[in-house]
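# Secondary and tertiary structure notes
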Amino acid sequence: GGDGWGNEELQYYTDSENNASVANGMLTITAREESFGGRDYTSARITTQGKFDIQYGRIEARIKLPYGQGMWPAFWMLGANFSSVGWPQCGEIDIMEHVGNEQNTIYGSTHDPNNFAGNSRSVTTVVEGVSDDFHIYGIEWTPESIIFSVDGEAYGTLENNASLPFNKDFFMILNVAMGGNFGGEIDPAFTESTMEVDYIRVYQ
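Residues numbered from 1 in each chain as written. Predicted model: local features only at pLDDT ≥ 70, side-chain atom pairs only at ≥ 80, totals over all residues. Heavy atoms only, no water.

## Focus on the environment of Leu 174
As for its placement among the helices and strands, Leu 174 is situated in strand β14 (residues 170–178). Using a relative accessible area of 4% as the deciding quantity, one classes Leu 174 as buried. Separated by 100 residues in sequence, Leu 174 and Ala 74 place their C-alpha atoms 5.8 Å apart. With residues near it in sequence (within four places) discarded, Leu 174 still touches Leu 27, Ile 29, Ala 44, Arg 45, Ile 46, Ile 63, Ala 74, Phe 75, Met 195, Val 197 and Ile 200. (Helix = DSSP H or I, 4+ residues; strand = E, 2+ residues; numbered from the N terminus. Buried < 20%, exposed > 50% of the residue type's maximum accessible area, 1.4 Å probe, protein only. Contact = heavy atoms within 4.5 Å.)

Dropping the structure here:
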C-alpha cells in the first residue's frame, strides 16, 4: 500500500477489492475519490515482483484504459534488482503510459541512470478511443532494441546495448496513478475510473 514511489502522485494504493479485483477473467484496477491514508484518492498497483521475472521476448497486454483528467494508467517493468540497487539504476521499461490530460496519446519509454524521469527516452503514438476500446500494448525486447507497439503495429524503437540496464530480469507492474508530475491536474468532478486488463502474454 501507500505512496506512488515518488512522482508527487495523489493516490493511496490499497489492497482492497474496491481498487483491484479479478472477475470473469478480467483484472480491473479502479481509482476512486475517497479519503484513505491521508490521501483523497485510492487506487491499486499490481506487480509480479518476486513472483515472475522475464529477460527479453515479446510482452503484451490487452487493456482498456481509464478515462478522465488526471488519470495516469501504466503497464511497465522494473529491473528485478530494484530493491538492492534502487531506481534508476535497476532500469525501467514503460510498455504503455497514458495520461487523461492528453487523451489517446500512448507513451513508450525507458529509464536508465543516464536518461530518467523528465529526461527518459520516449516514443509516442496517437490511438483513437483508448478509453472506449481494448488495445494490445506491447514490446519486442532484444539485446539490441526495445520496439514498442499497439495492436501489433510498431510505432517506435529505442536502442538497447550492453551499457544499459535492459539485459537482465525484469518484473511487471500494472497501476493507475493519479495526478503527479505526469498525470497533471485532476478533474474536480472525478469520482472513479477503471483500467480493465484482459490478459498479459509473454513470448520468449
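## Section: the nonpolar core
Counting residues in each nonpolar core, the largest one holds 40 residues, and the members touching the most others are Ile 63, Met 77 and Trp 141. In terms of residue count, β14 provides more of this core than any other element does, five residues in total. The residues touching Trp 141, leaving out its near neighbours within four places in the chain, are Ile 54, Gln 55, Tyr 56, Gly 57, Ile 59, Met 77, Ile 93, Ile 146, Asn 160, Phe 166, Lys 168 and Phe 170. Judged by nonpolar contacts, the second largest core, of seven residues, contains Ala 74, Phe 82, Cys 90 and Ile 173. (Core = buried A, V, L, I, M, F, W, Y, C linked by side-chain atoms within 4.5 Å.)

## Section: the pairing of strand β11 (residues 135–141)
A large share of β11 lies buried, amounting to five of its seven residues. In terms of strand pairing, strand β6 (residues 57–64) meets β11 through seven bridges, oriented antiparallel. Residue Ala 61 lies in a different strand from β11, and its bridge partner there is Tyr 137. As defined by bridge partners, β11 adjoins strand β12 (residues 145–150) across five bridges and the pair is classed as antiparallel. Paired with Gly 138 across the strands is Ser 149, a residue of β12. Hairpin connection from β11 to β12: three residues lie between these consecutive antiparallel strands. (Pairing = 2+ DSSP bridges.)

## Here's the deal with the sheet that holds strand β5 (residues 45–47)
Strand order in this open sheet of six strands is β5-β14-β7-β8-β9-β10, and the pairing throughout is antiparallel. The two strands at the open ends of the sheet, each matched to only one other strand, are β5 and β10 (121–126). The average angle at which neighbouring strand axes cross in this sheet is 15 degrees, direction not considered. In terms of strand pairing, strand β8 (residues 92–98) meets strand β9 (residues 105–111) through five bridges, oriented antiparallel. Residue Asp 94 lies in a different strand from β9, and its bridge partner there is Ser 109. (Axes fitted to C-alpha atoms, helices over the stretch in contact; angles between N-to-C directions.)

## With respect to unusual backbone geometry
Omega for the bond connecting Trp 87 with Pro 88 falls within 30 degrees of zero, at 10 degrees, which places this linkage in the cis form. Along the chain, Pro 88 turns up in the loop between α1 (82–85) and β8. Here the phi dihedral of Asn 24 falls at roughly 50 degrees; this positive angle occurs in a residue that is not glycine. With respect to the helices and strands, the residue Asn 24 is situated in the loop between β2 (20–23) and β3 (26–36).

## A word on the pattern of salt bridges
Side chains that carry opposite charge are capable of pairing whenever their charged atoms lie near each other. The full count for this structure, using the stated rule, is five salt bridges. Of the charged contacts, one joins Glu 60 and Arg 58 as a salt bridge, the two residues approaching to 3.0 Å between their closest N and O atoms. Among the residues examined, Arg 58 registers a relative accessible area of 32% and is labelled partly exposed. Where salt bridges share partners, they join Arg 58, Glu 60 and Glu 140 into one cluster. (Salt bridge = Lys/Arg side-chain N within 4 Å of Asp/Glu carboxyl O.)

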